[in-house]
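# Analysis of the macromolecular model
Each chain, written out:
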Amino acid sequence: MTTTERYNAPEAEGRWQAAWAAAEVFRTENDDPRPPYYVLEMFPYPSGRIHMGHVRNYTMGDVVARYKRARGFNVLHPMGWDAFGMPAENAAMQNKVHPKAWTYDNIATMRAQLKSMGLSLDWSREFATCDVAYYHRQQELFLDFLAAGLAYRRTSKVNWDPVDQTVLANEQVIDGRGWRSGALVEQRELTQWFLRITDYAEDLLTALDGLDRWPEKVRLMQKNWIGRSEGLRVRFALTPPTNVGTSVEVFTTRPDTLFGASFLALSPDHPVAKAAAETDGGLAEFVAECRRMGTSVAVLETAEKKGYDTGLTVEHPLIPGRRLPVYVANFVLMEYGTGAIFGCPAHDQRDLEFARKYGLPVIPVVLPPDADAATFAIGDEPYVGDGRLYNSDFLDGLSVPEAKDAVARRLEGETLDGAPQGARQVNYRLRDWGISRQRYWGCPIPVIHCAECGVVPVPKADLPVQLPDDIDFDKPGNPLDRHPTWRNVACPQCKGPARRETDTMDTFVDSSWYFARFTAPNAATPTEPAVADRWLPVDQYIGGIEHAILHLLYSRFFVRAMKATGHIGLDEPFAGLFTQGMVVHETYKRADGTFASPAEIDITEEGGERRAVDRATGQAVAIGSIEKMSKSKRNTVDPSDIIAGYGADTARWFMLSDSPPERDVIWTEDGVAGAQRFVQRAWRLVAETAPKLPPVGTAAPAAAEGTAFDVRKAAHKALAAIEDDIEQLAFNRAVARLHELVNVLARAAQEPFEVTSPLAASLREALEMLVQALAPMMPHLAEECWSALGHARLVATQGWPTVDRSLLLEDVVVLPVQVNGKRRGEVTVRRDAATADVEAAALALDEVRRHLDGRAPKKVIVVPQRIVNVVG
Ligand code: ANZ
Ligand code: ZN
């Protein structure tokens, strides 16, 4: 027996990566006639180094890409960099390095790391969103959106991060603090650029139903984010009319509770509140206090409900002579509905808190199913369930939906100031997308402000508006604002002195269309529409659940806006979406409370108990909970260390093997060692068996028997199952089947056999199938094995083997045998056995012979694969 050398992964991997690159195996042509398949992983932010989350994400995508390529698709699998954003500026401020240099250096490092993973990417399509060539086309898109009315400018209250000195989106404010700086967020009035995503609110919502290859969870999150609600606008007459207006309009989703109304509440920013504050110092003070507190949803939900009685009153629209007090309240948002509400304390939590605080009436009007109208009362909790209306005049006895409809119909018929008093309305929680950022490292918004002409778009011929390189970060704030020459320009229209817009775009804009740009990365327009339409939607998009809302929603909006402006012909960017779980690891804590990294400790195991010590000091270290890998917990493992030590295939295999891809995977040393053992085991099997096999191209025996047959069956069965597994992204199941197959083949290969034997030919077929099935997951090992099996061409260019379905059937069947209609025994025969053989086997049974009393049967009827009937 030959002794085989251990597989030297680090050496072999570099060699195969070079071979793939030289053969340009992963380069994709747009005019390739094969059917297109687009697989994409969310592109990385170039933070400095790749982490295990990247390894997991990109390994999954790569398995799909390699598999689909083998299945005959023209696969697009590109990579790029989400390269604008704050960290580059922070690095500039802290380390005096230019954001551009910092970013491109990081990209170079991370590109090399990704290449060391052996990903089957078309690197010729690579770009970074900070490349001038990319943001040039983004500026073109912006101008088209502007011309189409999809981009506009207005003043709005913004969340201002006083530390980062920038505007934050609502979702970047977490518990009232900036998501990055952690600073308490302030409210400011600023003129901002917006994209009109709300135009598509209904479409973005209803189209979710068609995204049947998206996780249900993500669709639900998007649905809630869009937040559609059906309600009624109701106008209340101010009585007596005042100089601040004659009526106040509210938006309600519960018009059925109108008879339980006990007050009106206005947002501090409501025009009536503002007008009233002019003559009421106390109110002015209250409004100012609300401003300081902010309006992020989180703040509003946790803050104490507070109000100020304006002294104004309105008339109840359904109860003549009933007046309700008008408050200004801190929990009413100006940006939602009409910025005013009626409060029904019996059936709404906030209203109840408010009523208890200010001594307002609590009148229940919906009676729970089993409650008694005479005794039912509201305590600390409002009643928000279903029931029948009572205390409600013409609504009494109606169900909640019936009552809603009845109130709507009644108020639609009434008029106030010459207009209907009520109007049904659909409302969305979704707001237009504020894209202005007061930052340097982003895509400049291509407009010029002229005192004479107003906002003037930069003519397309003058694009790109390039970021200046000579900037200083000595002061906080936007360096573009302080730039002496960049900012001052001639107005494109009147040629007079004007100034550039110094806001740059939210980096979510950059990531909202990169998938389209990959289809024609060098086009002189944002897209080549026909090419984009051929590739898109992305067949399989893979990324983290943290992008379930914003990135995906913005991309869905962008594709619609690009369609409206002629850049693309479809509505949805991603047909299939998969959100992978996280990579988690144990944490280690020293006695002084600091965390130790896995590399700094040694673990020993005694009697099933694991102990950790600090390698440097020998001190005991506590083994803590398993958490997402993070720098702060120091429980990270550097992919480069693993790749340098064990090889990329081991890292890839481990990432695929341990847990279902949607769940978290626990990174352990043992797990990695196990993956490493499998690599060597598969290599030994192939390398030791290969010299005993007949040459490449030897057909497997069609009618094999014994071990030769078992080997063929095992391989074809495994392959068929792995096809399904990969189609369903159930990579861990595919891994388990490959383990099994290696076991079966390793056992078979131990039997003595001649090179001309059926077993030898069957083993060749089975080992080739094994290697081809391994190839999407461990591509380097697969190439090494493929070559050891005598192939001159790369396995990466091989078509997927064809499963012989007949081998998937169970090979034997058990047939009952009847004599004159009574079951007398059974025979076990090959499924494809000839009728005569089945007949002979049945007649050979002792029981059958006995019941025929030694005579020959009159007739034998064989129903193939079912039954044998003997007539005596
Ligand atoms: C009266 C009422 C009675 C309400 C009741 C609820 C329960 P969604 O489903 O999110 O659309 N509301 C309306 N505009 C508001 C604003 N700008 N700021 C704060 N709250 C506002 O919620 C709609 C409900 O939220 C509306 O229905 C209104 O309160 C409140 F038993 O009107 B309701
Ligand atoms: Zn001008």
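Everything in this summary refers to the structure shown in the same document. (Residues numbered from 1 in each chain as written. Chains lettered and ligands numbered in written order. Predicted model: local features only at pLDDT ≥ 70, side-chain atom pairs only at ≥ 80, totals over all residues. Heavy atoms only, no water.)

Binding of the zinc ion (ligand 2) to the protein goes through Cys 450 (SG), Cys 453 (SG), Cys 491 (SG) and Cys 494 (SG), at separations of 2.2 to 2.4 Å. For the zinc ion (ligand 2), the 4 donor atoms in the first shell make angles of 104 to 113 degrees at the metal, so the coordination geometry reads as tetrahedral. Of note, the donors binding the zinc ion (ligand 2) are all from one chain and are spaced C-x2-C-x37-C-x2-C. Judged by its relative accessible area of 1%, Cys 491 is buried. (Donors = N, O, S within 2.8 Å, 3.2 Å for Na, K, Ca; no water. Tetrahedral: all angles 85-135°; square planar, octahedral: opposite > 155°, others 65-115°. Buried < 20%, exposed > 50% of the residue type's maximum accessible area, 1.4 Å probe, protein only.)

In the neighbourhood of ligand 1, 16 residues make up the surrounding shell, with Ser 229, Thr 252, Thr 253, Leu 333 and Tyr 336 lying closest. Between an oxygen atom of ligand 1 and a side-chain N or O atom of Ser 229, the distance comes to 2.6 Å. One of the backbone N or O atoms of Leu 333 is found 2.6 Å from a nitrogen atom in ligand 1. Elements represented by at least two residues in the shell around ligand 1 include exactly β9 (245-252) and β13 (340-343). Each residue belonging to the shell around ligand 1 can be placed in one class, and the counts come to 8 nonpolar, 5 polar and 3 charged. (Near = heavy atom within 4 Å. Polar contact = N/O pair within 3.5 Å; in protein donor to acceptor, adjacent residues only side chain to side chain. Helix = DSSP H or I, 4+ residues; strand = E, 2+ residues; numbered from the N terminus. Nonpolar A, V, L, I, M, F, W, Y, C, P; charged D, E, K, R; others polar.)

Attention shifts here to the environment of Pro 369. Here Pro 369 lies in the loop between β14 (366-367) and β15 (388-389). Aside from chain neighbours lying at most four places away, what touches Pro 369 is Tyr 383, Asp 386 and Gly 387. (Contact = heavy atoms within 4.5 Å.)

Alignment of strand β3 (residues 151-161) against strand β7 (residues 186-195), held across 10 bridges, turns out to be antiparallel. The residue of β7 that forms the bridge with Arg 153 is Trp 193. Bridge analysis of β7 against strand β19 (residues 433-434) gives 2 bridges, and the strand direction is antiparallel. Across the sheet, the residue bridging to Leu 195 is Trp 433, located in β19. (Pairing = 2+ DSSP bridges.)

Now for the pattern of salt bridges. All told, the structure shown has 51 salt bridges when counted by the stated rule. Glu 11 is the salt-bridge partner of Arg 15, the closest N and O atoms lying 2.8 Å from each other. Of this pair, Arg 15 and Glu 11 both sit in helix α1 (residues 9-23), 4 residues apart, which is roughly one turn of the helix. Taking the shortest distance from any N to any O, the salt bridge between Glu 202 and Arg 228 comes out at 2.9 Å. Placement of Glu 202 in helix α6 (residues 201-206) and of Arg 228 in strand β8 (residues 228-242) is noted, with a sequence separation of 26 residues between them. Taking relative accessible area as the criterion, Glu 202 reaches 31% and is therefore assigned partly exposed. Given a relative accessible area of 34%, Arg 228 falls into the partly exposed group. Three or more residues are tied together by salt bridges with common partners; here these are Asp 203, Arg 556, Arg 560 and Glu 572. (Salt bridge = Lys/Arg side-chain N within 4 Å of Asp/Glu carboxyl O.)

In this section: the nonpolar core. By size, the foremost hydrophobic cluster in this structure holds 189 residues, and its most contacted members are Phe 142, Trp 433, Tyr 514, Phe 515, Phe 558, Trp 667 and Met 777. If we ignore the near neighbours within four places in the chain, the residues touching Trp 433 are Trp 193, Phe 194, Leu 195, Ile 197, Asp 506, Phe 508, Val 509, Ser 512, Tyr 554, Phe 557 and Phe 558. Grouped together as the second largest cluster of nonpolar side chains are 44 residues, Ile 319, Leu 395, Val 400 and Ala 406 included. (Core = buried A, V, L, I, M, F, W, Y, C linked by side-chain atoms within 4.5 Å.)

So, on to a nonpolar patch on the surface. Taken together, the side chains of Ile 861, Val 863 and Val 871 define a hydrophobic patch exposed on the protein surface, amounting to about 180 Å² of accessible area. With respect to the secondary-structure elements, Ile 861 resides in strand β36 (residues 859-863). (Patch = residues over 30% accessible without salt bridge, like charges linked within 9 Å, V, L, I, M, F, W, Y side chains within 5 Å. Areas by Shrake-Rupley, 256 points an atom, 1.4 Å probe, with all protein chains shown as cover.)

Ordered in space as β2-β1-β26-β27, the 4 strands form an open sheet in which the pairing is parallel. Lying at the two open borders of the sheet, with one neighbouring strand each, are β2 (74-76) and β27 (577-580). Direction aside, the axes of adjacent strands within the sheet are offset by 20 degrees on average. In terms of strand pairing, strand β1 (residues 36-41) meets strand β26 (residues 540-544) through 3 bridges, oriented parallel. Bridged to Leu 40 within β26 is Tyr 541. (Axes fitted to C-alpha atoms, helices over the stretch in contact; angles between N-to-C directions.)

Next up on the list: the environment of Pro 776. Position of Pro 776 among the secondary structure elements: in the loop between α23 (758-774) and α24 (779-788). Sequence separation between Pro 776 and Arg 66 is 710 residues; the distance between their C-alpha atoms is 5.1 Å. If near-sequence neighbours (up to four positions away) are discounted, Pro 776 is found in contact with Asp 62, Val 63, Arg 66, Tyr 67, Arg 652 and Trp 800.

Applying the stated criterion to the full structure yields 39 aromatic pairs. When the ring of Phe 263 is compared with that of Tyr 327, the centres are 6.2 Å apart and the planes differ by 80 degrees; the resulting orientation is edge-to-face. Of the two residues, Phe 263 is situated in strand β10 (residues 263-266) and Tyr 327 in strand β12 (residues 323-329); the sequence distance between them amounts to 64 residues. An aromatic cluster is built from Phe 43, Phe 127, Tyr 134, Trp 513, Tyr 514, Phe 515, Phe 518, Tyr 541 and Phe 574, whose rings are joined through pairwise contacts. If you follow Lys 115 out to its NZ or CZ, it ends over the ring of Trp 123, 5.0 Å from the centre. (Phe/Tyr/Trp six-rings, centres within 6.5 Å; stacked < 30°, edge-to-face > 60°. Lys NZ or Arg CZ within 6 Å of the ring centre and 35° of its normal.)

These results come straight from atomic positions and should not be treated as a statement about function.
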